[in-house]
Amino acid sequence: MKEENKILKMYKETGALQIGHFVLSSGLHSEVYLQSAKVLSIPKYLKTIAASLALKIKNKIKISMIDLIVAPAMGGIVIGSKIGEELNKKSIFLERVNSQFSLRRGFEINKNDRVLIVEDVITTGKSSIECINCVERLGGKVLAVASIVDRSINEIKFEMKQISLIKIDAPIYSNKELPERLKKIPEKKPGSRFLK
């Protein structure tokens, strides 16, 4: 089975690929939501996904160039940590403080640290860009952004490499563009950005 299909099958089997009416962290709407935490909670799936993503990263970046892996909370924490283990690199995470990514828990990014950002899912690229900005503000240099899933509709123009394990087609809509079929389904807000 093709690698992409194998990973997608894991998402479906665990209920991590959900169908309904979702308001994403970006505020946009979609019929598809990927709850990566569900699939990554199964050790054999976490191991398979991390090994596959690590291999893809190794094919795109010289691993000796990476000083640090940085993941955004909440979605990137588990896969970021596991990629750190796979690549034998220190892995830390950013958290939102007053709606802005920041370092807490005594984590540090040193001046000129070469950073790999690891996410679970990229949709609009907004959280990745916020992570990049935070890392650069702290003096680090981002080499690439890696994710399990790229579900972006428009190509995201990062100034660095983008590496994704799988690409899926899952349209997103603004409030004005919302199709009639979605208007009839109650909204769910599953992401952590809406938590108070």
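What you see as residue numbers is a count from 1 along each chain, following the sequence as written. Predicted model: local features are reported for residues with pLDDT of at least 70 only, side-chain atom pairs are reported and counted for 80 or more only, and whole-chain, interface and lining totals are derived from all residues. For side-chain calculations, the full set of non-hydrogen atoms in the structure is used, while hydrogens and water are omitted.

S.K.: Which parts of the structure should I look at to understand the environment of Ile-92?
M.R.: Put simply, DSSP marks the helices as runs of H or I at least four residues long and the strands as runs of E at least two long, and each gets a number from the N terminus on. In this fold, Ile-92 is placed in strand E4 (residues 91-97). Each C-alpha atom, one on Ile-92 and one on Asp-169, is 30 Å from the other, the two residues being 77 residues apart in sequence. Contacts of Ile-92, omitting those with residues within four sequence positions, involve Leu-68, Ile-69, Val-70, Ala-71, Leu-103, Phe-107, Glu-108 and Ile-109. Contact definition: two residues touch when any of their heavy atoms are within 4.5 Å.

S.K.: Mind showing me how you'd approach the sheet that holds strand E9 (residues 172-173) here?
M.R.: Through backbone hydrogen bonds, the strands of a sheet pair up, either in parallel or in antiparallel fashion. A strand pair is defined by DSSP finding two or more bridges across the two strands. Judged by pairing direction, the sheet is antiparallel, and its 3 strands sit side by side in the order E1-E2-E9 without closing on themselves. Because the sheet does not close on itself, it has two edges, and the strands there are strand E1 (17-23) and E9. Of the pairings in the sheet, the one linking E1 to strand E2 (residues 29-34) comprises 5 bridges and is antiparallel in character. Looking at the pairing, Phe-22 lines up with Ser-30 of E2.

S.K.: In this structure, what is going on with the sheet that holds strand E7 (residues 141-150)? I would like to understand it.
M.R.: Here we have 6 strands laid out as an open sheet, ordered E5-E4-E3-E6-E7-E8, and mixed in their pairing. The sheet is open, and its two edges are formed by strand E5 (100-102) and strand E8 (161-167), each paired on a single side. Along the sheet, successive strands turn relative to each other by an average axial angle of 25°, direction set aside. Summarising the sheet, strand E6 (residues 114-122) and E7 pair through 8 bridges and their orientation is parallel. Paired with Arg-114 across the bridge in E7 is Lys-141. Contacts from helix H1 (residues 3-13) reach E7 and E8 within the one sheet, and its direction differs from that of E8 by about 65°. Throughout, an axis means a line fitted to C-alpha atoms (over the contacting stretch in the case of helices), and angles, computed between N-to-C directions, take values from 0 to 180 degrees.

S.K.: What's the story with the nonpolar core in this structure? I'm lost.
M.R.: Within this scheme, the nonpolar core is defined by two criteria: the residues are buried Ala, Val, Leu, Ile, Met, Phe, Trp, Tyr or Cys, and they are joined through side-chain atoms within 4.5 Å. Remark: exposure states derive from per-residue accessible area (1.4 Å probe, protein chains only) relative to the maximum for the residue type, with buried under 20%, exposed over 50%, and partly exposed in between. One finds Tyr-11, Ile-49, Ile-57, Ile-79, Ile-83, Leu-116 and Ile-148 to be the most contacted residues of the largest nonpolar core, which totals 36 residues. Per element, the largest residue contribution to this core is 7 residues, and it comes from helix H3 (residues 43-60). Excluding residues that lie within four positions of it along the chain, Ile-57 makes contacts with Ile-63, Ile-66, Ile-83, Leu-87, Leu-116, Ala-146 and Ile-163. Of all hydrophobic cores here, the second largest spans 18 residues; its members include Ile-109, Val-115, Ile-122 and Val-135.

S.K.: Teacher, can you tell me more about the packing of aromatic side chains here?
M.R.: How two aromatic rings sit relative to each other is set out by the distance from centre to centre and by the angle between their planes. Aromatic contacts are taken between Phe, Tyr and Trp rings whose centres are within 6.5 Å, Trp giving its six-membered ring; a plane angle under 30 degrees counts as stacked, one over 60 as edge-to-face, and the others as tilted. What the rule picks out here adds up to 2 aromatic pairs. Ring centres of Phe-22 and Tyr-33 lie 5.6 Å apart, and the angle between their planes is 35°; on these two criteria the pair is classed as tilted. Of this pair, Phe-22 sits in strand E1 while Tyr-33 sits in strand E2; the two residues are 11 residues apart in sequence, bridging distant segments of the chain. According to the relative accessible area criterion, Phe-22 is buried, its value standing at 2%. Residues Phe-93 and Phe-107 carry aromatic rings whose centres are separated by 5.2 Å and whose planes lie at 80° to one another, so their mutual orientation is edge-to-face. On the criterion of sequence distance, the pair formed by Phe-93 in strand E4 and Phe-107 in the loop between E5 and E6 is long-range, its members being 14 residues apart. A residue is classified by how much of its surface remains accessible, and Phe-93, at 17% relative accessible area, is buried. Charge over a ring is defined by NZ of Lys or CZ of Arg lying within 6 Å of the ring centre and within 35 degrees of the ring normal. The ring centre of Phe-101 lies 4.1 Å from the NZ or CZ of Arg-96, which sits over that ring.

S.K.: Any chance you could explain the side chain of Ser-152 here in plain terms?
M.R.: Mapped onto the elements, Ser-152 comes out in the loop between E7 and E8. Residue class for Ser-152 comes out buried when judged on its relative accessible area of 6%. One polar contact links Ser-152 to Asp-150, side chain to side chain, over a distance of 2.6 Å. With sequence-adjacent residues up to four places away left out, Ser-152 is seen in contact with Ile-122, Thr-123 and Lys-167. Throughout this description, a polar contact denotes any pair of N or O atoms lying within 3.5 Å of each other; where both atoms belong to protein, one of them has to be capable of donating a hydrogen while the other can accept it, and for residues adjacent in sequence the pair is counted only when both atoms sit in side chains.

S.K.: What is the right way to read unusual backbone geometry from this model?
M.R.: That bond from Ala-73 to Met-74 is cis: its omega, 5°, falls within 30 degrees of zero. Among the structural elements, Met-74 can be located in the loop between strand E3 (68-72) and helix H4 (77-87). The phi dihedral of Asn-88 falls on the positive side, at around 55°, and the residue is not glycine. Classification of Asn-88 by relative accessible area gives exposed; the value is 69%. One non-glycine residue with positive phi stands out, namely Ser-99, at about 70°. Relative accessible area serves as the criterion here: at 63%, Ser-99 is assigned to the exposed category.

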